[in-house]
Amino acid sequence: MTGTTPELACPIAPVVDIVFSRWTTPILWSLKEYGRQRFVELERRIGTITPKVLTQRLRQLERDGLITRTYHAEVPPRVEYEISELGRSLGPLFASLSEWSGNLDRVEAAREAYDSRSRR
């Protein structure tokens, strides 16, 4: 398999790159859970994200078609973000991951076992 690209070796790699960037899942989850939101609402709900990073992620998610941005020409101007139909199509994937999260205690136990072996 010399010369095989990561995408051919693992066809889900591009999906993982799009969906599991650092802030993508909290943004999409918030928009799915709470509906259309303004920037400050998202910022408040996510909590630990900086305005600069939130702006970058929102632009990328809009570019990828996972969210829509609506500009309201009023005084003051208002911008709202909403999960798109394409973004909603990730629901089953997120549901499966949520179900799998029940294994996190087993992951933690494996880490502890590994770390205790590594210290010897």
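This one's a predicted model, so the numbers in the text were calculated from it and none came from an experiment.

**Comments concerning the overall build of the protein chain**
Per the secondary structure count, the protein chain includes eight helices and three strands. Ordered by position from N to C terminus, the α and β elements of the protein chain give α-α-α-β-α-α-β-β-α-α-α. Compactness check: the protein chain gives a C-alpha radius of gyration of 19 Å against a globular reference of 14 Å for 120 residues, more than 25% above the reference. Its C-alpha atoms give the protein chain principal-axis dimensions of roughly 65 × 35 × 25 Å.

**Overview of the sheet that holds strand β1 (residues 37–38)**
Ordered in space as β1-β3-β2, the three strands form an open sheet in which the pairing is antiparallel. The open sheet has two free edges, formed respectively by β1 and β2 (67–72), since each of these has just one partner strand. As defined by bridge partners, β1 adjoins strand β3 (residues 78–83) across two bridges and the pair is classed as antiparallel. Across the sheet, residue Gln-37 finds its bridge partner in β3, namely Tyr-81.

**Thoughts on the pattern of salt bridges**
According to the stated counting rule, one finds four salt bridges in the structure shown. Among the ionic pairs, Glu-80 bridges to Arg-36, the shortest N-O distance being 4.0 Å. Here Glu-80 is found in strand β3, whereas its partner Arg-36 is found in the loop between α3 (24–34) and β1, with 44 residues between them in sequence. By relative accessible area, which is 48% here, Arg-36 ends up partly exposed. For Glu-80, the salt bridge identified is with Arg-78, shortest N-O distance 2.9 Å. The network of salt bridges with shared partners includes Arg-36, Glu-74, Arg-78, Glu-80 and Glu-82.

**Focus: a nonpolar patch on the surface**
A cluster of nonpolar side chains, Ile-12, Val-15, Val-16, Phe-20, Leu-93 and Leu-97, forms an exposed patch at the surface whose accessible area comes to about 460 Å². Counting only elements with at least two residues in the nonpolar patch, the list comes to α2 (13–19) and α7 (91–100). Here Ile-12 shows up in the loop between α1 (6–9) and α2. The exposure class assigned to Ile-12 is exposed, which follows from its relative accessible area of 52%.

**As for the environment of Tyr-81**
With respect to the secondary-structure elements, Tyr-81 resides in strand β3. The buried category is assigned to Tyr-81, whose relative accessible area is 9%. In the structure, Tyr-81 is positioned 12 residues away from Leu-93 in sequence and 21 Å away in space, judged by C-alpha atoms. Those residues in contact with Tyr-81 that lie beyond four places of it in its chain are Leu-31, Gly-35, Arg-36, Gln-37, Phe-39, Leu-42, Leu-58, Ile-67, Thr-68 and Arg-69.

**Details of the packing of aromatic side chains**
Counted according to the given criterion, the structure contains two aromatic pairs. For the ring pair Phe-20 and Phe-94, a centre distance of 6.5 Å and an interplane angle of 80° mean the geometry is edge-to-face. You can see Phe-20 sitting in the loop between α2 and α3 and its partner Phe-94 sitting in helix α7, a full 74 residues away along the chain. Under the relative-accessibility criterion, Phe-94 is labelled partly exposed at 21%.

How each quantity is defined
Residues numbered from 1 in each chain as written. Predicted model: local features only at pLDDT ≥ 70, side-chain atom pairs only at ≥ 80, totals over all residues. Heavy atoms only, no water. Helix = DSSP H or I, 4+ residues; strand = E, 2+ residues; numbered from the N terminus. Rg over C-alpha atoms; globule rule 2.2 N^0.38 Å. Pairing = 2+ DSSP bridges. Salt bridge = Lys/Arg side-chain N within 4 Å of Asp/Glu carboxyl O. Buried < 20%, exposed > 50% of the residue type's maximum accessible area, 1.4 Å probe, protein only. Patch = residues over 30% accessible without salt bridge, like charges linked within 9 Å, V, L, I, M, F, W, Y side chains within 5 Å. Areas by Shrake-Rupley, 256 points an atom, 1.4 Å probe, with all protein chains shown as cover. Contact = heavy atoms within 4.5 Å. Phe/Tyr/Trp six-rings, centres within 6.5 Å; stacked < 30°, edge-to-face > 60°.

The values reported here are purely geometric and, on their own, carry no functional implication.
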